[in-house]
Amino acid sequence: MLAAVAPTVARAVGSLSRRLGRGGGTTLPGVVLLRLDPDAIERSAGRLDAGSVVISATNGKTTTTRLVVDAAKALGYSVTTNRAGSNLERGVAAALLDLGRRRAELPVGSLGVFEVDEAALDAVVSKAHPRVIVLMNLFRDQLDRFGELETLLERWRQMLTNARAQPGPVTVVANADDPNLAELVRSIGNDIDVIWFGCNDATVGLDAVAHASDATTCRRCDHPIRHDPAYLGHLGAWACTNCEAQRPPLDIEIVSASSTATGQTVKVRAGEQHIVVATPLAGLHNAYNIVAAVGAALAVDKRRGPADGTSLSTVATALGRTQPAFGRGERVAIGTRELSILLAKNPTGVNQNIRTVLAAPDPVHILAMLNDRTADGRDVSWVWDVDWEPLIERAQRLTLTGDRAGDLALRMKYASADMSRVVVVDEADAALDDALGKAPDNATVHVLPTYTAMLDLRTILTGRGLVADQWDET
Amino acid sequence: MNPTLPSHTVRLCHLYPERMNIYADRGNIAVFANRLKWRGMSLEIREFTLGDSVDPSDHDLYYLGGGQDRDQDLVAGDLAHKADALRAGADDGAAQLYVCGGIQLAGHRYQTASGESLAGVGVLDLETVAGSTRLVGDIAISTDLCGPSVEVVGYENHAGRTHLGDVSPFGQVISGHGNNDADKTEGATRDRVIGTYLHGPLLPKNPQIADLLLSWALEHRYGGRVELAPLDDTLEKSAHAVARTRVGLDR
Ligand SMILES: [Zn+2]
């Protein structure tokens, strides 16, 4: 009886919360629903005849979820998904709440596509019993919240062990280029269905593995791992220098990805087939997101029959139409200038954003925003692990703001920046004006915010009538 | 008082930089290098990893940062071969800084969460036992090492509970967990050695500690007593002031 009433109560809370303007009402009904009806996820997810896809990563889960949603819709699925950022258990519950509203049978081809926080993945998988689990990468991130990377790896190992034991087939779509992740998936056993994706374009390789690498040692024999080359953080064509451990053969690969600051053309091999995705999503990280999404789409669709050229080209077209999620390469015109917003809150994310920015013609104008609220990570020491030096070399002006702008300023000072080009402006509003004011006509100001700083920026842009209210986005 | 000269160089022994770097330890090294450079001197960085041997007569400053448990296990095994050299360096008056995982390995013993006991360098008389919860958050301590009651700010994140033997704490906890969340001590110090859980990293926002270690290192190499020329620390003080507010102190 309680279960039947629960969705109604939870939805009422949601609309009240929206009217009160608290957090857009995206997860509060989920919290209420889970409390009233702890089995809500399991039962609602069970109504999706095509099952669910869950997508998790340190970096890229929001964008990849958008890509998979667009690809699945193009393939004819009726898709239920959670809103960007609402990626804890309650966020998935809130998304499924919408299904509970429909009493009639769901259409054939109903599919759930859920972005899931790294630390919530085990809980969501144990309830949603997804048919496809997309594991993209694990980088050091918010150590104050997650503890060590090893803690998350262990939780994911347990999650996969449980998922393999669940009724019904499971396909894991995994990044072969992440040594920790690849070895984790392989340790689960040979009978698990895996689609490996990765990069095979040596021209976009890095000169060296980034400083903030979390995979320097073989997980089997403790000898050093070699990357030939490294592509992004510790992602790369890796092999142990001692034993036979190496990157698994790729099922889906980035054949080439050459990015400007505003987009790229990604050539992809999927099995025997080749597709080309022309996308406004810039940067190698987005090429990885795209091959992950191709893997997820193929995994979903293979239950309807083997992948053919038609469905792959449908996927390629759909992926090329996916627009940046807010703050993830989003561009906003302001008068004669433009903002490009590149959210990141860990060293690998910022390093990759810097690489994307530096694809623009020089000189570059930067607004860096560092907050230390819970969603950003309370510990700001990670900014010292970012390789700011190449950006400092090319930056005409570096405007710093946010609650911990002073820590960023110190980082720049000790990176030997020309401090006459670095300015701290405490108020975000004024900092935005400083960055825009110092940039010439037609220039792009590249904004590098942490999560809550990005929300602060959106509030300012919304106030100035430049972007729609984020909660109205779909 | 000995004047510092442009030719003066501090020789740094940086231990396992590729493994023990979890909380931005590179920031501490950048502070050493720049604060010497701005005074016309230089830092010569020598990196030591697994299997390398350390000659204690060859360094004025030693640094060991923090790592993930897995790396810390590997490093502990290797440190057994370097422990004599590190203790000899400390006894000889070289400056040494052990941060986070570093202080745990500087003690006699570190007992991991699984009950395994890792032998440490033994340069600081302390022992550490992993607890079931992590001690995480902003921290401020007071130390008398460079003048009376100097405030040092940082961030701590450790499962280990450290108990001191016959060694002084680095400071007293003003706010935060400290060595063991019980006795209000933080870190440890003897001679020219400092061990601490404070990262953030430690030195950029606490330049007095950086200069103390650098003057110790210069004294070790060139003798006499060294007083370093003051630098413009406006940005350092400003970031320090913001960090203070994170433990509820006034700006
Ligand atoms: Zn190996």
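Only a predicted model underlies this, so the values are computations on that prediction, with no experimental measurement involved. (Residues numbered from 1 in each chain as written. Chains lettered and ligands numbered in written order. Predicted model: local features only at pLDDT ≥ 70, side-chain atom pairs only at ≥ 80, totals over all residues. Heavy atoms only, no water.)

Novice: Whenever I open this one, the environment of T81 of chain A confuses me. Can you help?
Specialist: All names here are of chain A. Checked against the element boundaries, T81 lands in strand β2 (residues 78–81). Separated by 30 residues in sequence, T81 and L111 place their C-alpha atoms 8.6 Å apart. Residue contacts for T81: discarding those within four places in its chain leaves T65, V69, A95, V113 and F114. A distance of 2.7 Å separates a polar atom in the side chain of T81 from the backbone oxygen of V113. (Helix = DSSP H or I, 4+ residues; strand = E, 2+ residues; numbered from the N terminus. Contact = heavy atoms within 4.5 Å. Polar contact = N/O pair within 3.5 Å; in protein donor to acceptor, adjacent residues only side chain to side chain.)

Novice: Sorry, what's going on with the interface of chain B and chain A here?
Specialist: Accessible area lost on assembly of the parts is the figure often given for the size of an interface. Counting residues at the interface gives 36 residues for chain B, matched by 33 residues for chain A. Its largest share of buried area at the contact with chain A, chain B owes to R26, Q68 and R70 of chain B, together 23% of the area lost on that side. In this assembly, chain B and chain A are joined by five salt bridges. The tally of links between chain B and chain A comes to 17 residue pairs in polar contact (both at pLDDT 80 or more). Contributing elements (two or more residues each) for the side of chain B that touches chain A: α1 (25–37), α2 (69–79), β7 (126–143), β8 (150–164) and α6 (234–245) of chain B. The residue makeup of the side of chain B that touches chain A, split by class, is 15 nonpolar, eight polar and 13 charged. (Buried area = accessible area lost by both parts, 1.4 Å probe. Salt bridge = Lys/Arg side-chain N within 4 Å of Asp/Glu carboxyl O. Nonpolar A, V, L, I, M, F, W, Y, C, P; charged D, E, K, R; others polar.)

Novice: How should I be thinking about the coordination of the zinc ion in this particular structure?
Specialist: Around a metal, the idealised angle for a tetrahedral arrangement of four donor atoms is 109.5 degrees; for an octahedral arrangement of six donor atoms it is 90 or 180 degrees. Residue and element names in this part refer to chain A. Surrounding the zinc ion are the protein donor atoms C218 (SG), C221 (SG), C240 (SG) and C243 (SG), at 2.2 to 2.4 Å. Viewed at the metal, the four donor atoms of the zinc ion are separated by angles of 96 to 118 degrees, and the geometry they form is tetrahedral. Donor residues for the zinc ion, ordered by position in the chain, follow C-x2-C-x18-C-x2-C. Highlighted residues: C218 in the loop between β6 (193–199) and β7 (225–232) and C243 in the loop between β8 (235–240) and β9 (252–259), separated in sequence by 25 residues. Judged by relative accessible area, C218 falls into the buried class, the value being 2%. (Donors = N, O, S within 2.8 Å, 3.2 Å for Na, K, Ca; no water. Tetrahedral: all angles 85-135°; square planar, octahedral: opposite > 155°, others 65-115°. Buried < 20%, exposed > 50% of the residue type's maximum accessible area, 1.4 Å probe, protein only.)

Novice: Looking at this structure, how should I read the domain arrangement of chain A?
Specialist: Residue and element names in this part refer to chain A. Once the domains are mapped, chain A shows domain 1 (43–80 + 113–321) and domain 2 (328–472). Distance from the C-alpha centre of domain 1 to the C-alpha centre of domain 2: 28 Å. At the junction of the two partners, domain 1 supplies 25 residues and domain 2 supplies 22 residues. Taken together, the two surfaces of domain 1 and domain 2 that pack against each other cover about 1800 Å², and 47% of this comes from carbon and sulfur. Note that R140 and D385 form a salt bridge whose closest N and O atoms lie 3.3 Å from each other. Across the contact surface, domain 1 and domain 2 share nine residue pairs in polar contact (both at pLDDT 80 or more). (Domains from an automatic or database assignment.)

Novice: Is there a simple way to explain the packing of helix α14 (residues 405–414) of chain A against α6 of chain B in this structure?
Specialist: Between α14 of chain A and α6 of chain B, the shortest axis-to-axis distance is 8 Å and the interhelical angle comes to 150 degrees. Taken as axis vectors, α14 of chain A and α6 of chain B run roughly antiparallel relative to one another. Relative to α6 of chain B, the crossing made by α14 of chain A is left-handed. Along its contact with α14 of chain A, which presents G406, D407, A409, L410, K413 and Y414 of chain A, the element α6 of chain B presents L235, E236 and A239 of chain B. (Axes fitted to C-alpha atoms, helices over the stretch in contact; angles between N-to-C directions. Parallel < 35°, antiparallel > 145°, perpendicular 65-115°, else oblique. Left-handed = near helix turned anticlockwise from the far one by under 90°.)

Novice: It is not clear to me how the environment of V68 of chain A should be interpreted in this structure. Could you clarify?
Specialist: Residue and element names in this part refer to chain A. Counting through the fold element by element, V68 comes out in helix α4 (residues 61–74). Residue class for V68 comes out buried when judged on its relative accessible area of 3%. Sequence separation between V68 and E330 is 262 residues; the distance between their C-alpha atoms is 18 Å.

Novice: I'm lost on the packing of α1 of chain B against helix α5 (residues 207–222) of chain B in this one. Help?
Specialist: The relative placement of two packed helices comes down to the angle between their axes together with the axis-to-axis distance. Residue and element names in this part refer to chain B. For the pair α1 and α5, the least separation of the axes is 10 Å and the interaxial angle reads 70 degrees. The orientation of α1 with respect to α5, classified from their angle, is roughly perpendicular. Listed contacts from α5 to V31, F32, R35 and L36 of α1 are P207, A210, D211, L213, L214 and L218. The residue inventory of the contact of α1 with α5, partitioned by class, reads eight nonpolar, no polar and two charged.

Novice: Looking at this model, I keep getting lost on the sheet that holds strand β1 (residues 9–15) of chain B. Mind explaining?
Specialist: Hydrogen bonds between backbone groups are what pair the strands of a sheet, and the pairing can be parallel or antiparallel. Residues and elements named next belong to chain B. A sheet is described by the order of its strands in space; here six strands give the open sequence β2-β1-β3-β4-β12-β11, paired in mixed fashion. Every interior strand has two partners, whereas the edge strands, β2 (42–48) and β11 (188–190), have only one. The average angle at which neighbouring strand axes cross in this sheet is 15 degrees, direction not considered. Here four bridges tie β1 to strand β3 (residues 61–64), and the two strands are oriented parallel to one another. Bridged to H14 within β3 is Y63. Helix-sheet contacts for helix α3 (residues 83–91) involve β1, β3, β4 (95–99), β11 and β12 (193–196), and the interaxial angle to β4 is about 125 degrees. (Pairing = 2+ DSSP bridges.)

Novice: How should I be thinking about the packing of aromatic side chains in this particular structure?
Specialist: The relation between two aromatic rings is expressed through the spacing of the ring centres and the mutual angle of the planes. Residue and element names in this part refer to chain A. Scanning the entire structure with this criterion turns up two aromatic pairs over all chains. Taking 6.2 Å as the distance between ring centres and 50 degrees as the angle between the ring planes, the aromatic pair formed by W384 and Y414 counts as tilted. Of the two residues, W384 sits in the loop between β14 (364–369) and α13 (389–394) while Y414 sits in helix α14, which places them 30 residues apart along the sequence. Using a relative accessible area of 2% as the deciding quantity, one classes W384 as buried. (Phe/Tyr/Trp six-rings, centres within 6.5 Å; stacked < 30°, edge-to-face > 60°.)

Novice: When you look at α2 of chain B in this model, what are you seeing that I'm missing?
Specialist: Because an α-helix completes one turn every 3.6 residues, residues spaced three or four positions apart along the sequence face the same direction. All of the buried residues in α2 of chain B are D71, Q72, L74, V75, A76, D78 and L79 of chain B. Contacts made by the buried residues of α2 of chain B are with β3, α3, α4 (101–106), β5 (109–111) and β6 (117–119) of chain B.

Novice: What is the right way to look at the confidence of the model for chain B in this model?
Specialist: As a note on interpretation, predicted positions should not be read in detail where pLDDT is low. For chain B, per-residue confidence averages 95 on the pLDDT scale, and 99% of positions sit at 70 or higher. Scored as a whole, the predicted complex attains pTM 0.91, and scored at its interfaces, ipTM 0.96. (pLDDT = per-residue confidence, 0-100.)

Novice: In this structure, what is going on with the pattern of salt bridges? I would like to understand it.
Specialist: All chains considered together, the criterion is met by 50 salt bridges over all chains. In this structure, R220 of chain A engages E244 of chain A in a salt bridge whose closest nitrogen and oxygen atoms are separated by 3.5 Å. One end of the pair, R220 of chain A, is in the loop between β6 and β7; the other, E244 of chain A, is in the loop between β8 and β9, and 24 residues separate them in sequence. Given the relative accessible area of 43%, R220 of chain A is considered partly exposed. On the basis of relative accessibility, which here comes to 59%, the residue E244 of chain A falls in the exposed class. Between R331 of chain A and E338 of chain A there is a salt bridge, with the nearest N and O atoms lying 3.0 Å from each other. A cluster of three or more residues bridged by salt bridges with shared partners is formed by K413 of chain A together with R35, R39, D211, D233 and E236 of chain B.

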